[in-house]
Amino acid sequence: MKGATRNGLRIVHRLFDRVVDFEKLLDFLWLHKDVTNPTLIHLDVSPNVVDNVEELLFKLCVLGGLSDERGKMFLLKSNFCLLVELLRPQVCSAWKSICDLFPSTACLSPNECLRNAANEDNVSLEFMEADVNLINSAAFQRSYHYLEAVHNNRNITNYKYNHERQNDRAVIETLKRDSGLSNPTWAQLSYFAQFLNEQLEACENNVFVNCGDFTGLKNFLVKHCLIKMAQDFALPSLSIADNSPLFGLDESNTNYQVHQIRRRWENHPHPYVFFNADQTTLTFLGVRVENSHLKDCKDNVLARNVMSADLEQQIRRQEFNESNILDENFDELSVEQKQMKLCRVLGVDQFMEEIKFDSTYELTQDNVMKLLAIYMRFRCNIPVVIMGETGCGKTRLIEFLCQLMSRGQTTENKKFVKVHGGLTMADITRNIEEAEKLAAENTEKYGDVFYTVLFFDEANTTEAIYGIKEVICDFSVSGRKIDPNSGLKVIVACNPYRKHDENMIKNLESQGLGYHVKSSETKDKLDSDIPMRHLVYRVNPLPPSLLPLVWDFGQLTSEVENKYIRQIVEKKRIDLRLSDKDVDFIVDVLSISQKFLRTNRDQCLFVSLRDIERAMTVLAFFYFRSEQLLGSMDVLDGKNYSSDDEERPEPVKEIARLVILTLGVCYHSSLENRGNYRGAIGEAFKGDYALPNGAKTIERELELCMEVFLDKIVLDAKANIAKNLALSENVFMMIICIELRIPLFLVGKPGSSKSLAKTIVLDAMQGEASKNEFFRELKQVQMLSFQCSPHTHADGIISTFKQAALFQKGKALSQFVSVVLLDEIGLAEGTDNEGKGLERLISPLAQAYEEIYKKQMKEKKKQMNEFNTEYFGLRDFYGLLKMLYRRNALKKSNRELKWSDVRAAIRRNFGEKTNSSLEIFAKHLRGVFENVSTMTDQLDTLELVKQNIQEAEARSQMSEEERSMDSESRYLLLMTENFSALQLLPQVLNLNDYEIIFGSSFPQDQEYIQVCKNINRIKICMETGRTVVLLNLGSLYESLYDALNQYYSYYGGKRYVDLGLGSNRVKCSVSENFRLIMIEEEKVAMQFPIPLLNRLEKHFLVMKSILPPELVKLETKLSELLQDFSQVRRLDKDGARFRVRDAFVGYQQDTIACVLVQCSVSNDQNTADGESVLSWAEFKLVQTCSIEAILRADLDKESEGSFNKYKDAYLQEGRKNLAEFLWLQCYSKRSKSPLIEVSTFRRIPSSKNIKDCNLELMKKESFDSSQERHFVVNLNVFKTEI
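Residues numbered from 1 in each chain as written. Predicted model: local features only at pLDDT ≥ 70, side-chain atom pairs only at ≥ 80, totals over all residues. Heavy atoms only, no water.

Our focus in this paragraph is the overall build of the protein chain. Along the backbone of the protein chain there are 50 helices and 30 strands. In the protein chain, buried positions account for 52% of the 1282 residues. Taking the intrachain contacts of the protein chain between residues at least 6 apart in sequence as the baseline, contacts between residues at least 24 apart amount to 72%. (Helix = DSSP H or I, 4+ residues; strand = E, 2+ residues; numbered from the N terminus. Buried < 20%, exposed > 50% of the residue type's maximum accessible area, 1.4 Å probe, protein only. Contact = heavy atoms within 4.5 Å.)

Two elements in contact, helix α14 (residues 335-346) and helix α16 (residues 394-405), have axes separated by 11 Å at closest approach and are oriented at 70°. Judged by the angle between their axes, α14 and α16 are roughly perpendicular. When the axes of α14 and α16 are compared, the crossing they make is right-handed. For the pair formed by α14 and α16, the contact residues are Leu 342, Cys 343 and Leu 346 on the first element and Phe 400, Leu 401 and Leu 404 on the second. Looking at the contact of α14 with α16, its residues break down into six nonpolar, no polar and no charged. (Axes fitted to C-alpha atoms, helices over the stretch in contact; angles between N-to-C directions. Parallel < 35°, antiparallel > 145°, perpendicular 65-115°, else oblique. Left-handed = near helix turned anticlockwise from the far one by under 90°. Nonpolar A, V, L, I, M, F, W, Y, C, P; charged D, E, K, R; others polar.)

What follows is about the confidence of the model for the protein chain. Within the protein chain, residue pLDDT values average 77, and 77% of them lie at 70 or more. Here residues 825-836 is modelled with pLDDT under 50, and outside its nearest four sequence neighbours on either side it reaches 52 contacts, counting other chains as well. (pLDDT = per-residue confidence, 0-100.)

Turning our attention to the pairing of strand β10 (residues 293-296). Residues His 293 and Lys 295 of β10 are buried on one face, and the alternating residues Leu 294 and Asp 296, pointing to the opposite face, are buried as well. In this structure, the hairpin formed by strand β9 (residues 287-290) and β10 is closed by a connection of two residues, where Asn 291 is found at a positive phi of approximately 55°. Of the strand pairs in this sheet, β10 and strand β11 (residues 301-303) are connected by two bridges, and their pairing is antiparallel. Across the sheet, residue Leu 294 finds its bridge partner in β11, namely Ala 303. (Pairing = 2+ DSSP bridges.)

Positionally, Met 616 belongs in helix α23 (residues 609-623). Judged by its relative accessible area of 2%, Met 616 falls in the buried class. Taking the C-alpha atoms as reference points, Met 616 and Cys 666, separated by 50 residues in sequence, lie 9.7 Å from one another. With residues near it in sequence (within four places) discarded, Met 616 still touches Ile 568, Val 569, Lys 572, Leu 576, Ile 586 and Leu 590.

This paragraph deals with unusual backbone geometry. Here the phi dihedral of Phe 475 falls at roughly 50°; this positive angle occurs in a residue that is not glycine. Along the polypeptide, Phe 475 turns up in the loop between α18 (465-474) and β15 (476-477). Although it is not a glycine, Ser 478 sits at a positive phi angle of roughly 55°. Along the chain, Ser 478 turns up in the loop between β15 and β16 (480-481). Of the residues examined, Ser 478 reaches a relative accessible area of 37% and is grouped as partly exposed.

Further remarks concern the nonpolar core. Soluble globular proteins tend to pack their nonpolar side chains together in the buried interior. Ranked by size, the top nonpolar core spans 215 residues in total, and within it Phe 220, Phe 456, Leu 590, Phe 622 and Phe 685 carry the most contacts. The dominant element in this core, judged by the number of residues it contributes, is helix α11 (residues 217-234), at eleven residues. For Phe 685, the contacting residues outside a window of four places in its chain are Phe 585, Val 589, Ala 656, Val 659, Ile 660, Leu 663, Ala 690, Leu 691 and Ile 698. Within the second largest apolar cluster, 59 residues are counted, among which are Leu 841, Ala 848, Leu 925 and Val 1011. (Core = buried A, V, L, I, M, F, W, Y, C linked by side-chain atoms within 4.5 Å.)

Here we come to the pattern of salt bridges. The full count for this structure, using the stated rule, is 45 salt bridges. Notably, a salt bridge pairs Glu 198 with Arg 379, separated by 3.0 Å at the nearest N-O pair. One end of the pair, Glu 198, is in helix α9 (residues 186-205); the other, Arg 379, is in helix α15 (residues 365-379), and 181 residues separate them in sequence. Overall, Arg 379 belongs to the partly exposed group, its relative accessible area being 23%. The shortest N-O distance in the salt bridge between Asp 427 and Arg 430 comes to 3.1 Å. With Asp 427 and Arg 430 both in helix α17 (residues 425-446) and three residues apart, the pair spans about one turn of that helix. Exposure remark for Asp 427: the relative accessible area of 19% places this residue in the buried category. The exposure class of Arg 430 is partly exposed, given its relative accessible area of 40%. Each member of the salt-bridge network shares a partner with another, and the members are Arg 14, Asp 44 and Glu 470. (Salt bridge = Lys/Arg side-chain N within 4 Å of Asp/Glu carboxyl O.)

To continue, consider α15. Over its 15 residues, α15 extends 21 Å from the first C-alpha to the last, a length consistent with the 21 Å expected when each residue adds 1.5 Å. Of all 15 residues that make up α15, 13 are buried, and the element is covered over most of its length. Backbone geometry just downstream of α15 places Asn 381 in the positive-phi region, at approximately 55°. (Expected span 1.5 Å × (residues − 1).)

What follows is about the sheet that holds strand β29 (residues 1076-1081). Taken in spatial order, the five strands line up as β24-β25-β29-β23-β30 in an open sheet, and their pairing is parallel. Looking at the sheet topology across the chains shown, the edges are occupied by β24 (994-998) and β30 (1097-1100). Put simply, the sheet's adjacent strands are angled 20° from each other on average, direction ignored. Pairing of strand β25 (residues 1027-1031) with β29, which is carried by four bridges, proceeds in the parallel orientation. Following the sheet pairing, Leu 1030 is matched in β29 by Met 1078. Across the sheet, helix α36 (residues 941-956) lies against β23 (972-976), β29 and β30, angled at about 150° from β30, the strand it touches most. Helix α39 (residues 1008-1024) contacts β24 and β25 of the sheet and is inclined by roughly 165° relative to β24.

Here it is as structure tokens:
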């Protein structure tokens, strides 16, 4: 941005991003390449910039310019002067040496200036390196003279500042002494002086103070009120050390420590005195005078003998607005009196008739003081940065302040910006420009005292916080100054910096809520050891310039909160026909609920007045449907009593029942330990609202209502859906929140019926086209899904919400609602867990699963591993029940299931390397079946995989009626080693029509466009019925969650699921023949998100599982030979230091089996000829041997005979150099398509090594022109595997 200097131009560019954007900087400088005037280039590098700063300094300061790949170049010419601004802590040791090469100057703090002048008398400001204009300003000079007078106990009754100028050093020392800061910054001293000067000037011009009738009043106001008030405005709320040289950011303090609140609003007195705009009257808040003593609102003595008894009596005889200014209790005034006092301070009392006051806003002394504190900062041009918990009233207070400052005009005088993690500097710039335009229009119409407010809410949630800092501290945007007379005022609100306790962190991580990156590995941290996800609010560090400006907003007291609760309830009195007793009852219940959630921090819940407003909205929903809902609940409850003679509980009052349902939606559903809440809230139901069974009645009423909602939905008979409690609650909450437009976070483990509930609700809520009369009265739903993934960005989510808004445009919002569904941790399906013949199995199977689950949790806790995932989940249990139900239903005879049937189903759904899960199930089922055994009866893993494939093929041949009785087998996850399972597919599973999609780690294969291409290939396979095999494609698995649920939508007799990435989703038809198989390395698969892992039928499949008996014997023998070869007894006395995997490159558990299979099917070797296969396998394995193993074996005399054979085989393959080895492998008759991994002692071959190797290959190939040419290249030349 251009700006005029004394003799030339000044252009400013601020760097805010974490990484220096050279392209953006070059584009900016390119605009000024033709400037011929002397030009100062000012680069402001914020502390947020951590990468490439040293490269920036080197290019500009050493090389003298910037360039890019396009050939664009900017050079620093002789008329350019470069100024780089850095915060001193940024000059780290890594590139401090670069900074030391160039001239530099340090901006000194007031303390450092004073130290420079310690031995000088009347030293000049230039020598002290201080700001001359700042020290000579009226703010500094007037404040100095009054502070010195008070300090020396001089009478200031008749004193008035007359532009006297004092010694610079004395001014700094005095302001520092009385500011309350031991090591202030210039900004802090300036804010202290500006505020005190504003008040002192108003005091000098106030008629009441200077009329001459109140001797000593001015001394009292200045000494005991105005100075204390200025100190209160200047002292920071955060825990930054006052004696730290740079805002407390010394090396011993972490970001988390310096962001902690130390001066809480409610814990400190605030003696406020305001000189009203009429220049005649005063307003006292937070203080009173009694018997010459100054006291705060809590009756604590702040100062003694502050005025004479005569002066106190004189003032008490003066009444303002029927009250006395010295002992007025603001909270006891009428609403009109409060509004009048507030308007007098703001200078808008003449507009009171035009101002439309918000009658629902409770004016208390506390929030009026906060409101006026913001207004005084406006007047003194002090930045406003407030910090407070969510829902503490920040936004509401600012809205009320803007309403007062509007003077009753209908024009808009505020712009609120809801900041989030996706907000960029461009967004901030756009909002500021819009606010500037609005402020200019308002100033032109109403004068320069008409303020327009720009409010950044939750500003520290974005990494662009330094852009907001520039606006509020420098009053500029991207280097361009904002007009100081525009009337634009900026407010920044921040969320607090609070950590979850250790128990809560463990609880969150155990839920698998998106914690796919280890805490130790994530780069998303506040400090080096505090991941963002461990914080209550996801916040970024504040810029150092903002830290001293933060003041704590405080919390609502219980008394004030209860007043607000009563107001909100009273607004619904007429609509809901509430009596006085009803209102009192509802207020008590809601107050207890608020207090319970606020005091139970282990639940990780936070409440505010928004919860009260939400509760009354929900109560109204139930009230206007009470006749239908409560009637259906009574009918359903009546079925639980066998006869009319059975004693039933006393009926509950209707309003009490509706309140129970409201609490169920707004409080009960969000709790994990719900019993404690029901017990606490049950005590509030007393008198006419008493509950016959206390907390049990609350639980029963909620369950009945949920069941009624689910019963009113016409479910697909083919879906075999179990109406369990989880599904009922999910449906209940979704319907109400969608109807009332309440945001809903549905969190649950895989298998807790989340996605099934979504599908059911979407099908039920079709407005007037709904199948049930109840839903015809509700809104029609249009749902847009957004699938979150590692490729998710804020822009995608925002665009989805905009798209949803477009769907609603032009429609009656009382009848239509757009719903945005964000899938972050996967969706869950429901399943039928009942069936004829299975009743006797349900209980023992459930008990066995519970034991398995507890065992997993115990092992996870013992290992303290946040990624020891829940290998078996609810979906596996539901899959087991589905499979048993299918086998039972499809049997043509009436014989019951046998243990062999159950055992096969258990192994299909709870399969693992060991039989531990099978043993647990067997233990619980011994009372149901005879001869229960955990022996597999040759039912190996391969057979289980075949069953899954065969069931899919059989299902495609079934009739529609048979399919309705059947349930589809889950898709497969084959865990393997070295992808050996891939080799088994064509050889064993007889899949004649399948497609393999293999992912890689090459850069272009990880790009978003390649992910989209892979998803499209999967889509084609779904539609055509081809089997798709996925390998190493973790980047797109999130997009398949809906497909993996296998819960379909049906249109025109075809099955459909959603496929997509982010907001790009399409309906894809799914053929009955389609199957999906994932093949992953075992270690990789175990790191899968829990929702993905639990959706699939899992098996561990390696080459060893298909070895025939003859090769099994050879495998054992060959394993012994390798063990013997690897143990060199002379060197390894304990036989454990050198192992097989040390001797053979790439050796793993399945290596021997893979080699045996390869040798048995190649070179016409017959498996019956065991010795031939064994000899060939030995030869193949020796080629992978390390040179170290050969040398060690040479020293072992006990194995000398066998060693010679291995040594000869090893040397046959050419080990002289890399070129000779590669040439032999490429042209050997035994190696038609060699896949070779070469292990070297050098980390990366140099370009010279590669060049020499290629020359050798050319020499050898030149003798035979018919041969293909081969050459060696570095791996980094490949950008994709395709």
